[in-house]
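# Tertiary structure, described
Chain by chain, the residues:
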Amino acid sequence: MAFFRWYPLHDYAVTIELDLPMGSVAKENIQQLRQLAVDQLGEHLIDLVPSYTSLTLCFRPKKSWTSFTQAIEQLLSVAATTPSSQVIKESAIKNVPVCYDVDFATDLENLSSYLKISIENIIEIHHQPIYQVYAVGFTPGFPYLGEINKQLVVPRKEIPSPRIQAGSVAIAHHQTGIYPFSTPGGWHVIGRTPISLFDKNRSPVCFLETGDQVKFIRITKTEFENWHESSLS
C-alpha cells in the first residue's frame, strides 16, 4: 500500500491520503486501511470517514498528539506489509430499484440529445454495471457511485436545478448518485428510486455505505408507486 501523506484536521482528527487515482485499486486500499484502523485503533476512535483516496480518523480526546502520531505510523507500517486479501471481505451486492419513467427522469430527454444516444440506450447502459460506493456525503446518505460507462460521461449542469426530488438517481462526470432528500443539485436526473437512502430510526441510518456494491434494478412506474421496503428482501 502506497501513501502520499497524512495530516491533522484538528487536535483529534487526521486524514491519510493515498497517492493513487480514484478507482478500484484506491477503493481496495482504503477498505484495507479502514479495517486495519478498526482492528488496531478501534477503542481510540470516535469515527472513520473513508472517501475516494483518503481516510479520516477521528480520535477520542484522551491521548496526546505524540500518541496519535505513533499510532498512525504503526498503522501505516502494518498496512504496507499486509496483503489486502487478508483483510478485505467482499461486500454483498445491494439492489436499488429505479424507475426511469419520464415523470421521474426529468433530464433524460435533454441528456439523450446532448449525448446523441437514445433514451432506451441510456437506461440500458446505466443499470447494467455493478457500481462501487466510493464515498457518502454532500447530504446525509448521498452515495457517490462509480464509475459509469464512458458513453454517459457528462459535465454537471451549468445552472443547478433549484429542487431535485428525494430518491432521484442522477449522473455527472464519471459518477452516478442518488439524492436522499429534496435539495438543489447540479446532476442530471435520469430516474428515481422508491427506497429511503437515509432513515435516522434505522440501523445503519444510511442504506448505502462506503465500500458497498450496488446494482440498479429497473422497475415500472406501477411497481414504483406500489413499492414497500420489504420488497428488497
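See above for the structure.
A brief structural summary. (Residues numbered from 1 in each chain as written. Predicted model: local features only at pLDDT ≥ 70, side-chain atom pairs only at ≥ 80, totals over all residues. Heavy atoms only, no water.)

### Digging into the overall build of the chain
Rules: Helix and strand labels come from DSSP, where a helix needs a run of H or I of at least four residues and a strand needs a run of E of at least two; each type is numbered from the N terminus. Each residue is assigned to one of three classes by its accessible area relative to the maximum for its type, calculated with a 1.4 Å probe on protein chains only: buried under 20%, partly exposed between the two thresholds, exposed over 50%. Contact definition: two residues touch when any of their heavy atoms are within 4.5 Å. Per-residue and other accessible areas were derived by the Shrake-Rupley procedure at a 1.4 Å probe size, with only the shown protein chains allowed to occlude residues. For the purpose of charge, His is not counted, nor are the chain termini; Lys and Arg are scored as positive and Asp and Glu as negative. Think of each charge as sitting on NZ of Lys, CZ of Arg, CG of Asp or CD of Glu.
Looking only at helices and strands, the chain features five helices and 13 strands. By its C-alpha atoms, the chain is 55 × 35 × 35 Å across when sized along the principal axes. Among the 233 residues that make up the chain, the fraction classed as buried is 45%. Contacts spanning at least 24 positions in sequence make up 62% of the contacts within the chain whose residues lie at least 6 apart. Of the accessible surface of the chain, which amounts to about 12000 Å², a share of 51% is contributed by carbon and sulfur atoms. Distance between charge centroids for the chain: 3 Å, based on 19 positive and 23 negative side chains.

### Quick word on the side chain of lysine 157
Put simply, the rule reads: Here a polar contact means two N or O atoms within 3.5 Å. Within protein one must be a hydrogen donor candidate and the other an acceptor candidate, and residues neighboring in sequence count only if both atoms are side-chain atoms.
Assignment of secondary structure puts lysine 157 in the loop between strand 7 (143–146) and strand 8 (161–164). In this structure the side chain of lysine 157 is engaged in a polar contact, spanning 2.8 Å, whose partner is the side chain of aspartate 107. For lysine 157, the residues in contact, after removing those within four places along its chain, are Asp107, Gly186, Trp187 and His188.

### A short note on empty space enclosed by the protein
What counts is decided by this rule: Residues are said to line a cavity or pocket when one of their atoms sits within 4 Å of a point; the points come from a 1 Å grid over protein atoms alone, cavities being sets where a 1.4 Å probe fits but cannot get out and pockets being open sets with protein on both sides within 12 Å along at least five of seven lines. Grid points are joined across faces, edges and corners, and a volume is the space filled by probe spheres set on the points. Polar here means any residue other than Ala, Val, Leu, Ile, Met, Phe, Trp, Tyr, Cys and Pro, which are nonpolar, and Asp, Glu, Lys and Arg, which are charged; Gly is therefore polar.
For the structure shown, the criterion picks out one cavity of 30 Å³ or more. Taken as a whole, the largest cavity holds about 60 Å³ of empty space. Forming the walls of the largest cavity are Lys27, Ile30, Gln31, Arg34, Pro50, Ser51, Tyr52, Val133, Tyr134, Thr210 and Gly211. Looking at the lining of the largest cavity, the element that brings in the most residues is helix 1 (residues 24–41), giving four residues. Of the residues belonging to the lining of the largest cavity, the class tally is five nonpolar, four polar and two charged.

### Considerations on unusual backbone geometry
Most peptide bonds are trans, and most residues other than glycine sit at a negative phi. Residue glutamate 147 is bonded to the preceding glycine 146 through a cis peptide linkage, with omega at -15°. Counting through the fold element by element, glutamate 147 comes out in the loop between strand 7 and strand 8. Geometrically, the link from serine 203 to proline 204 is a cis peptide bond, its omega value of 0° lying close to zero. The residue proline 204 is located in the loop between strand 12 (188–192) and strand 13 (213–219) in this model. Notably, phenylalanine 138 is not glycine yet its phi reads approximately 70°, a positive angle. Tracing the sequence through the fold places phenylalanine 138 in the loop between strand 6 (130–136) and strand 7. Within the chain, histidine 173 stands out as a residue other than glycine whose phi angle is a positive 55°. When you line up the elements, histidine 173 lands in the loop between strand 9 (168–172) and strand 10 (175–178). Take histidine 173: its relative accessible area is 39%, and that puts it in the partly exposed class.

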